[in-house]
Amino acid sequence: MNADQHDPTSGIPDRGRYYATTPIFYVNAAPHIGHAYTTILVDVVTRFHRLRGNDTFFLTGTDEHGEKVAKAAARAGLTPQAYTDQVAAEFRTTWDAMGIAYDEFIRTTEPRHQRIVREVLQKVYDNGDIFYGEYSGLYCVGAERFVTEKEIVDGKCPDSDEAPEYRTEANYFFRMEKYRPWLRDHIERNPDFIRPERYRNEVLAMLREPIGDLSISRPRSRVPWGIPLPWDEEHVTYVWFDALINYWSALVSRGEEQRYWPVVNHFIAKDIVKPHGVFWPTMLKAAGIPVYKHLNVHGYWLQDERKMSKSLGNVVGPLELQAKYGRDAFRYFLLRDMSFGLDASFNEPAIAERINADLANDLGNLLNRTLGMLTKYRRGVVPAFGALERPDEVLRDAFLALPDALSAHFDELHFERGLEEVMQAVRAANKYIAEQQPWALAKDPAQAGRLDTVLRTCLEALRCASVLLECVMPEKCRALRVQLGLPDASATLSDARHWDGLPALTTAGAGDPLFPRIDLAALQDELAADSGPPLEHKPEVDIDAFAALELRVALVTHVEPHPKADKLLVLTVQLGSETRTIVSGIRAHYTPEQLVGKQVVIIANLKPVRLRGVESQGMVLSAEDPDGSLAVVTVDRDAVPGAEVR
Ligand code: ME8
């Protein structure tokens, strides 16, 4: 049976195959939490397939060619090779330190990859799908691709948040447009080819209009850091054409493409949907390679509502977080707190709250209470079941339904729902203890058999939970099984399909607490201390002092540099029927084009002043960061120019 088609009725784990990939990350900076998320996610998914008995392969690696990497090497004062060696090693050691169980780590500078890229290119060229031509357009180095006018938001590329530059170049082109009808049809016929659906729709929308042909080379004279084209060594391969092939070259170089290519699942974030949803399938089709099985697209982790990214500098180190919260608990948070496909907010109190609620309170509590009572009432010896009563059966049935439920949720990419279902069963087990009151049973010798059954039920619940959570928290679940006294701490999903997995008469007992609580108040204090010195406030004023100021929304209609002062801009603004001139010291922070059309907030009753010969009839409000950068204050939806700000 295919790995992706679980059969909930069979009760037998799949015997299929499964191949999953992360993007290969650019080596222009160290790994951050966004990279860690996709990599942990694929680690969880592939561990889960292994747990189900599937023949599984997990690929990750680094994307090392192109302008972006060459520029980063130059900034670091290293040759591209020395630089990529260093950063690729950093990615690898980070994943190793995080316990990521990848089967292969591919680097695009490896000869085995370069050879296969050249083979694929030659094949597409021989088929007549590559031609030589000239192209002009807006190129974004951050995203390493041409962007269309339509895609640009506020002058910036939506993927990288960087301003693209205009370029004209003679390049080789791949006849991508030729494959548009085929790709549309393929996506229409295979609803789960790209998932979740929002990204499928996004790609279908791209394919509704011509997609053009793809420039797949760069002149070697300008970009020497790349794989030379097999038929023209004066050009190197465009970095995306080179990078995407890693998913295929890693298998071919191991002779395993027959085994794993038919079940390939790519995992990416939404920033690289176009290269994976449009470039890659058309490239595969042109090269005569079957297209991938699924493209699985997740949202962004946001910090302060912005995507975490290297260029934005708001990056949190995954190793720091792992050290602070524990490897497994951090993995649990990432999987539990993001709904696949949607953005999620990242902050440390949220990690701590999730760990405290699910791991310390629910799972940790069940473990501590059960082992505590077992030690106290049965000297740690695992008892046999007596006759089962209704509540015992209800709890058992809830747990034994979970392997299939979890498989279904994970196959549908609803990781958070799968984990929540397991935690609901754990909470039900805690409730069961409260209702069965083993401490009361322990007082009555006539209830000894009943106490055995209740304790054993809790132990089996813990054992099953540890199997179900194994792929997310491999170390903790193994340690949990050791505490339960299981002689072999390894697991397969079928271990969670029965209710008598503990050998009777073995001894179980608590070791170190597995899921310690995090002191939230101490964490808040620590974070507050990290966020800089306290603000210096001005003396308090009463409301009249504020009411004396007239603040209004003004529409900026025209902006020009001040003729005599290089720090000043002269703004023409509209408020009601009035037009005013305002001189503002924001020239280092805004171009005139960025300001025209903005609705800014001004102090409208400030006495006019002459600034280097130009009269300023008011003041534009702006926020100043500690580093001195300014952001003008605007309103968050359109207001009538002249509206009063209260
Ligand atoms: O695009 N939230 O590499 P890259 C979630 N080399 N995931 C994030 C994220 C965030 N804030 N930021 C990054 C490239 N990611 C190319 C890929 S593949 C043939 C070539 C993750 O280093 C996410 O997986 O910019 C995203 O797609 C990827 O990092 C981009 O990594």
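Computed from a prediction, not measured in an experiment: that's the story for all the values here.

On to helix α10 (residues 273–287). Here α10 spans 20 Å end to end across 15 residues, near enough to the 21 Å set by a 1.5 Å rise per residue. The axis of α10 is deflected most strongly, by about 30°, at Phe279, and proline Pro281 appears within four residues downstream. When you tally the buried positions in α10, you get 14 out of 15 residues, the bulk of the element.

The next thing to look at is the pattern of salt bridges. Considering all chains together, one arrives at 47 salt bridges under this definition. The partner of Glu64 in a salt bridge is Arg107, with the nearest N and O atoms 2.6 Å apart. Of this pair, Glu64 sits in the loop between β3 (55–63) and α2 (67–75) while Arg107 sits in strand β4 (residues 104–107), placing them 43 residues apart in sequence. With respect to burial, Glu64 and Arg107 carry one shared label: buried.

For any two helices packed against each other, one specifies the crossing angle of their axes together with the interaxial distance. The geometry of helix α14 (residues 390–400) relative to helix α16 (residues 415–436) is characterised by a closest axis approach of 10 Å and an angle of 170° between their N-to-C directions. When the axis of α14 is compared with that of α16, the two are roughly antiparallel. Contacts between α14 and α16 pair Pro391, Asp392, Leu395 and Phe399 from the former with Ala425, Val426, Ala428, Ala429, Tyr432 and Gln436 from the latter. Classifying every residue of the contact of α14 with α16 gives eight nonpolar, one polar and one charged.

Another aspect to go through is the site of the ligand. Surrounding the ligand, one finds 25 residues, the nearest of these being Ile24, Thr38, Asp63, Asp271 and Trp301. At 3.0 Å, a backbone N or O of Ala269 approaches an oxygen atom of the ligand. Isolated, the ligand exposes 680 Å² of accessible area, and the fraction of that covered by the protein chains is 96%. Elements with a minimum of two residues in the shell around the ligand: β2 (25–26), α1 (33–51), α7 (239–244) and α8 (246–252). When its residues are assigned to classes, the shell around the ligand shows 13 nonpolar, eight polar and four charged.

So, on to the packing of aromatic side chains. All told, the structure shown has 30 aromatic pairs when counted by the stated rule. Note on Phe340 and Phe415: the rings are 5.8 Å apart at their centroids and 65° apart in plane angle, and the pair reads as edge-to-face. Taken together, the positions of Phe340 in the loop between α12 (327–337) and β17 (344–345) and Phe415 in helix α16 put the pair 75 residues apart, joining distant regions of the chain. For the pair formed by Phe340 and Phe415, the shared burial category is buried. Pairwise contacts between aromatic rings join Tyr19, Phe57, Tyr247, Trp248, Tyr260, Trp261 and Trp280 into one cluster. Lying across the ring of Tyr300, Lys270 places its NZ or CZ 4.7 Å from the centre.

Attention now moves to the sheet that holds strand β6 (residues 145–147). Read from one edge of the open sheet, four strands run β6-β5-β7-β9, paired in antiparallel fashion. Taken across any chain shown, the strands that pair with only one partner, and hence form the sheet edges, are β6 and β9 (214–215). Relative to β6, strand β5 (residues 130–140) is paired through three bridges, and the arrangement is antiparallel. For Cys140, the partnering residue across the bridge sits in β6 and is Arg145.

Another point: the sheet that holds strand β12 (residues 232–237). Strand order in the open sheet formed by three strands is β10-β12-β11, and the pairing between neighbours is antiparallel. One side of each edge strand has no neighbouring strand; the edge strands of this open sheet are β10 (217–219) and β11 (228–229). Summarising the sheet, β11 and β12 pair through two bridges and their orientation is antiparallel. Within β12, the position partnered with Leu229 by the bridge is Asp232.

Looking now at the pairing of strand β1 (residues 17–21). Burial analysis of β1 places four of its five residues in the buried class, which makes it a mostly covered element. Relative to β3, β1 runs parallel, the two sharing five bridges. By the bridge assignment for β3, Arg17 is matched with Asp55. Examined bridge by bridge, β1 and strand β13 (residues 264–269) share three bridges and lie parallel to one another. Across the sheet, Thr21 pairs through a bridge with His266, a residue of β13.

On to the environment of His35. For His35, the location among the structural elements is in helix α1. The exposure class assigned to His35 is buried, which follows from its relative accessible area of 8%. From its side chain, His35 meets the backbone nitrogen of His32 in a polar contact 3.0 Å long.

All right, on to the nonpolar core then. Core analysis: the largest hydrophobic core is formed by 160 residues, its most contacted members being Tyr19, Phe174, Trp261, Trp280 and Phe399. If we ignore the near neighbours within four places in the chain, the residues touching Tyr19 are Phe57, Leu59, Tyr247, Leu251, Tyr260, Trp261, Val263, Val264 and Asn265. Listed in part, the 17 residues of the second largest apolar core include Val573, Leu575, Tyr590 and Val620.

With that settled, the discussion passes to the state of the cysteines. Going through the model one piece at a time under the given rule, you end up with zero disulfides. In this structure Cys458 is a free cysteine whose sulfur lies 12 Å from that of Cys464, the closest cysteine sulfur available. Exposure remark for Cys458: the relative accessible area of 1% places this residue in the buried category.

If you trace the backbone, Arg200 turns up in helix α6 (residues 197–206). Buried within the structure, Arg200 lacks any salt-bridge partner; its nearest side chain of opposite charge belongs to Glu197, at an N-O separation of 4.4 Å. Setting aside residues no more than four positions away along its own chain, Arg200 makes contact with Ile187, Glu188, Asn190, Pro191 and Ile194.

A few words on the environment of Arg52. In this structure, Arg52 sits in the loop between α1 and β3. For Arg52, a relative accessible area of 2% gives the class buried.

This part takes up the layout of surface pockets. Put simply, the second largest pocket is a space of about 230 Å³. Taken together, 13 residues line the second largest pocket, and the ones lying closest to its centre are Ser584, Gly585, Met619, Val620 and Ser622. Tallying contributions element by element places strand β25 (residues 622–624) first for the lining of the second largest pocket, with three residues.

By convention, interface size is frequently given as the accessible area that disappears when the constituent parts associate. We note that the domain assignment places domain 1 (17–298), domain 2 (354–497) and domain 3 (543–632) within the chain. Taking only C-alpha atoms into account, the centre of domain 1 sits 45 Å from that of domain 3.

Another aspect to go through is the pairing of strand β18 (residues 551–561). Sheet topology note: the β18/strand β21 (residues 599–603) ladder contains five bridges and is antiparallel. For Leu551, the partnering residue across the bridge sits in β21 and is Ile603. Two strands pair when backbone bridges link them, and β18 and strand β19 (residues 569–575) are joined in this way by six bridges, in the antiparallel orientation. Paired with Pro561 across the bridge in β19 is Leu569.

Our focus in this paragraph is helix α18 (residues 448–468). Between its first and last C-alpha atoms α18 spans 30 Å; for 21 residues at 1.5 Å apiece the expected length is 30 Å, and the two agree. Counting buried positions along α18 yields 18 of 21 residues, so the element is predominantly enclosed.

Rules behind the numbers
- Residues numbered from 1 in each chain as written.
- Predicted model: local features only at pLDDT ≥ 70, side-chain atom pairs only at ≥ 80, totals over all residues.
- Heavy atoms only, no water.
- Helix = DSSP H or I, 4+ residues; strand = E, 2+ residues; numbered from the N terminus.
- Expected span 1.5 Å × (residues − 1).
- Bend = angle between axes of the 7 residues up to and from the residue.
- Buried < 20%, exposed > 50% of the residue type's maximum accessible area, 1.4 Å probe, protein only.
- Salt bridge = Lys/Arg side-chain N within 4 Å of Asp/Glu carboxyl O.
- Axes fitted to C-alpha atoms, helices over the stretch in contact; angles between N-to-C directions.
- Parallel < 35°, antiparallel > 145°, perpendicular 65-115°, else oblique.
- Contact = heavy atoms within 4.5 Å.
- Nonpolar A, V, L, I, M, F, W, Y, C, P; charged D, E, K, R; others polar.
- Near = heavy atom within 4 Å.
- Polar contact = N/O pair within 3.5 Å; in protein donor to acceptor, adjacent residues only side chain to side chain.
- Areas by Shrake-Rupley, 256 points an atom, 1.4 Å probe, with all protein chains shown as cover.
- Phe/Tyr/Trp six-rings, centres within 6.5 Å; stacked < 30°, edge-to-face > 60°.
- Lys NZ or Arg CZ within 6 Å of the ring centre and 35° of its normal.
- Pairing = 2+ DSSP bridges.
- Core = buried A, V, L, I, M, F, W, Y, C linked by side-chain atoms within 4.5 Å.
- Disulfide = S-S within 2.5 Å.
- Lys, Arg positive; Asp, Glu negative; His and termini not counted.
- 1 Å grid on protein atoms, 1.4 Å probe; cavity = no way out; pocket = protein on both sides within 12 Å on 5 of 7 lines; lining within 4 Å.
- Points joined across faces, edges and corners; volume = space filled by probe spheres on them.
- Domains from an automatic or database assignment.

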